[in-house]
Amino acid sequence: LLPRPRREIAPGAVHVPDWLSAQEQRDLVTTCRGWRGYRSTRLPSGGVMSVRTVCLGWQWLPYRYDRLREDGSPVEPFPDWLADLGRRALADAYDRPADDYQPDVALVNYYDATAKMGMHQDKDERSTEPVVSLSLGDTCVFRFGNTESRNRPYTDVELRSGDLFVFGGPARLAFHGVPKTLPGTADPDLGLTGRLNLTLRVS
Ligand code: AKG
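Criteria and cut-off values
- Residues numbered from 1 in each chain as written.
- Predicted model: local features only at pLDDT ≥ 70, side-chain atom pairs only at ≥ 80, totals over all residues.
- Heavy atoms only, no water.
- Helix = DSSP H or I, 4+ residues; strand = E, 2+ residues; numbered from the N terminus.
- Rg over C-alpha atoms; globule rule 2.2 N^0.38 Å.
- Buried < 20%, exposed > 50% of the residue type's maximum accessible area, 1.4 Å probe, protein only.
- Near = heavy atom within 4 Å.
- Polar contact = N/O pair within 3.5 Å; in protein donor to acceptor, adjacent residues only side chain to side chain.
- Areas by Shrake-Rupley, 256 points an atom, 1.4 Å probe, with all protein chains shown as cover.
- Nonpolar A, V, L, I, M, F, W, Y, C, P; charged D, E, K, R; others polar.
- Pairing = 2+ DSSP bridges.
- Axes fitted to C-alpha atoms, helices over the stretch in contact; angles between N-to-C directions.

Asker: Is there a simple way to explain the overall build of the protein in this structure?
Answerer: Counting its secondary structure elements, the protein contains two helices and 14 strands. Over its C-alpha trace the protein gives a radius of gyration of 16 Å, about what one expects of a compact globule, namely 17 Å for 203 residues. Over its C-alpha atoms, taken along the principal directions, the protein stretches across nearly 50 × 40 × 35 Å. Looking at the protein as a whole, 50% of its 203 residues qualify as buried.

Laid out in structure tokens, this is it:
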């Protein structure tokens, strides 16, 4: 099988396939299992998200970041090693040093076979620094659009386990979403049913 090439999807948006090794993926799945409190986020509109989320560093409450979770419990800390991973990811995606990138919040989203995520902008951060996204488990269709509306033009990208996707600069506020996952596509050796996505951000 030919390796899938790294690809610029839009200016500032880069897909790096197979960025994490198999061992790194297994370790990250184990670590994600250890974080407690995955839950479906209730939206002010009355809807409930189909993904289950745990936050690190800061709690995302639509549409802001808080120090405490909805039930008043403390947020899981954002580990130093994850910030290091974020810097390495950004440097590889943009092919430039990223020593000054200091992510302090992560959203860890779990997708079961039916979960999806509607088109949205990540605009609750005050910082304009890039978002670093890591995928584990089942492949998904990741829809990466434009900054004007949730409609076309957009590009559908298959994100597979171990893939990195970075969006910053002119793409930082592009609408994006996950119309579907492809259940059962994960390597059984990973030991994960469904899909995990981590996004690292600067609050
Ligand atoms: C988000 O966390 O804002 C996402 O859009 C997640 C995207 C993904 O699951 O790949």
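Having seen it, we continue.
Asker: Can you help me understand the site of the ligand in this one?
Answerer: Close to the ligand lie Asn109, Tyr111, Met117, His120, Asp122, Phe142, His176, Val178, Arg195, Asn197, Thr199 and Arg201. Here an oxygen atom of the ligand sits 2.8 Å away from a polar atom, N or O, in the side chain of His120. Side-chain polar atom of Arg195 to an oxygen atom of the ligand: 2.8 Å apart, as the coordinates give it. Isolated, the ligand exposes 290 Å² of accessible area, and the fraction of that covered by the protein chains is 97%. Contributions of two or more residues to the shell around the ligand are made by strand 7 (105-111), strand 8 (117-120), strand 13 (176-182) and strand 14 (195-201). Per element, the largest residue contribution to the shell around the ligand is four residues, and it comes from strand 14. Its residues assigned to classes, the shell around the ligand comprises four nonpolar, five polar and three charged.

Asker: Looking at this model, I keep getting lost on the sheet that holds strand 13. Mind explaining?
Answerer: Within a beta sheet, neighbouring strands are joined by backbone hydrogen bonds and run either parallel or antiparallel to one another. Spatially, four strands are ordered 8-13-10-11 in an open sheet, and the strand pairing comes out antiparallel. Every other strand in the sheet has two partners, leaving strand 8 and strand 11 (155-159) as the edge strands with one partner each. Across this sheet, the average inter-strand angle for adjacent strands is 25 degrees, counted without regard to direction. For strand 10 (residues 139-144) and strand 11, the ladder comprises five bridges, and the chain directions are antiparallel. Following the sheet pairing, Phe144 is matched in strand 11 by Thr155.

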